[in-house]
Amino acid sequence: MINHALQHLLLENLTTATLLLDARLRLQYMNPAAEMLLAVSGQRSHGQFISELFTESAEALSALRQAVELAHPFTKREAVLTSATGQSLTVDYAVTPIPTRSETMLLLEVHPRDRLLRITKEEAQLSTQETTKLLVRGLAHEIKNPLGGIRGAAQLLARELADAHLTDYTEVIIEEADRLRNLVDRMLGSNKLPSLSMTNVHEVLEYVASLIEAESQGGVTLVRDYDPSIPELCLDREQMIQAVLNIVRNAMQALAGHTDLGIGRITLRTRTLRQFTIGHVRHRLVARIEIIDNGPGIPPELQNTLFYPMVSGRPDGTGLGLAITQNIISQHQGLIECESHPGHTAFSIFLPLESGANPA
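Residues numbered from 1 in each chain as written. Predicted model: local features only at pLDDT ≥ 70, side-chain atom pairs only at ≥ 80, totals over all residues. Heavy atoms only, no water.

Below, the discussion takes up helix H5 (residues 58–70). Taking 1.5 Å per residue, 13 residues should reach 18 Å; H5 reaches 18 Å between its end C-alpha atoms and fits that length. Here H5 has its buried residues at Ala-60, Leu-61, Leu-64, Ala-67 and Val-68. For H5, the angular spread of the buried residues around the axis is 115 degrees, confining them to a single face. For H5, exposure combined with an orientation more than 90 degrees from the buried face picks out Ala-58, Glu-59, Glu-69 and Leu-70. In the segment just after H5, Ala-71 is the residue with positive phi, at about 55 degrees. (Helix = DSSP H or I, 4+ residues; strand = E, 2+ residues; numbered from the N terminus. Expected span 1.5 Å × (residues − 1). Buried < 20%, exposed > 50% of the residue type's maximum accessible area, 1.4 Å probe, protein only. Arc of directions from axis to C-beta.)

Moving on: the nonpolar core. Counting 39 residues, the largest nonpolar core has Leu-233, Val-248, Ile-266, Ile-291, Phe-347, Ile-349 and Leu-351 as the members making the most contacts within it. At the level of secondary structure, the elements contributing two or more residues to this core comprise helix H8 (201–216), strand S8 (220–225), strand S9 (233–235), helix H9 (237–256), strand S10 (264–278), strand S11 (281–293), helix H11 (321–331) and strand S13 (344–352). In terms of residues, this core owes the most to one element, H9, which gives 10 residues. Once residues within four sequence positions are removed from consideration, Phe-347 is found in contact with Ile-247, Ile-289, Glu-290, Ile-291, Ile-298, Leu-306, Phe-307, Leu-322, Ile-336, Glu-337 and Cys-338. (Core = buried A, V, L, I, M, F, W, Y, C linked by side-chain atoms within 4.5 Å. Contact = heavy atoms within 4.5 Å.)

With that settled, consider a nonpolar patch on the surface. On the surface, a cluster of nonpolar side chains totalling about 270 Å² of accessible area is made up of Leu-6, Leu-9 and Leu-10. Looking at the element boundaries, Leu-10 is found in helix H1 (residues 4–13). (Patch = residues over 30% accessible without salt bridge, like charges linked within 9 Å, V, L, I, M, F, W, Y side chains within 5 Å. Areas by Shrake-Rupley, 256 points an atom, 1.4 Å probe, with all protein chains shown as cover. Salt bridge = Lys/Arg side-chain N within 4 Å of Asp/Glu carboxyl O.)

With respect to topology, six strands assemble into an open sheet ordered S2-S1-S6-S5-S4-S3, the strand pairing being antiparallel. Across the chains shown, the open sheet's two edge strands, defined by having one partner strand only, are strand S2 (27–30) and strand S3 (54–55). Relative to strand S6 (residues 104–112), strand S5 (residues 88–99) runs antiparallel, the two sharing nine bridges. Opposite Asp-92, over in S6, you have His-111 as the bridge partner. Along the sheet, H5 makes contact with strand S4 (74–83), S5 and S6, crossing S6 at roughly 135 degrees. (Pairing = 2+ DSSP bridges. Axes fitted to C-alpha atoms, helices over the stretch in contact; angles between N-to-C directions.)

Applying the stated rule across the entire model yields 17 salt bridges. The closest approach of N and O atoms between Arg-77 and Asp-92, which form a salt bridge, is 3.7 Å. Here Arg-77 is found in strand S4, whereas its partner Asp-92 is found in strand S5, with 15 residues between them in sequence. Taking relative accessible area as the criterion, Asp-92 reaches 9% and is therefore assigned buried. Put simply, Glu-213 and Arg-224 hold a salt bridge, and the shortest N to O gap is 3.2 Å. With Glu-213 in helix H8 and Arg-224 in strand S8, this residue pair connects regions lying 11 residues apart in the sequence. In the salt-bridge network here, residues are joined through shared partners; they are Asp-225, Arg-269, Arg-271, Arg-288 and Glu-290.

Below you can see the structure in the form of structure tokens.
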């Protein structure tokens, strides 16, 4: 027979979030996995009503009450819970009634789906990013070689021309060859390794904000919503400024083209998240930087290819800004995501608080 102490030890070490509710749907026990998932203390939450821990819907609450009354177990897939901290969680959970001498209790086993969904999405994103890099490098090699020949031939031709006015044409050839070479270099991204130092992320955001306020000349309202408790991060200040600036400039340009929306607003928001997964690594604590605008939104057909080079929603756009931003965030072991619909576009940058950049 397994004794009580060993049973408790097994529960405490389960990776599945487990909660025990009484007949009134008040918490009697939660294991450490549940504490980490919901970002609450089991000891402090003891006796709290289930809706004080997380909320789902009135129907879900009714289903829990029916499970108590009828002693009927059920399972729900991909339920969206909102934790007490305001974080949205996608989970599968199973509810098992446990009859006791005095009442019927409920055992909840909660399996987070966010981590699996995020890993799948990131793997696809990283795979396409690597494929794109290989394609761009191959294309760059094929373009830069003949460009060098064209430029060299134009220089030789300029020396042989007797009429000085004709050199204007060779200068155009040289300038256009240089422009194309610079464009290709920008597509490839910077080869410079990150220069890491402890940096206040809000100082980075304030620097970007000052640039945008000067460029917009009051045409855009900037809203700051900072969490001052975020500690300094180990990152490359100049590269992070470039990454954030690319996103904020895109937002400003999107707002400028749609005066029918009223006053354009860009919100810079920072928060910390607990137990957040980036790639295959689950980080205890990450910083989230959000750039949110109330513009027209990103066209649905562009959202899946948003971070590809040369993809742009503007006729005069190069489509390199977001590709460069993603590369910078990846070098810092971070993640960038986008959610967009008319009236709301949010870019979220996630950076681990316990580690710095990876120059790989």
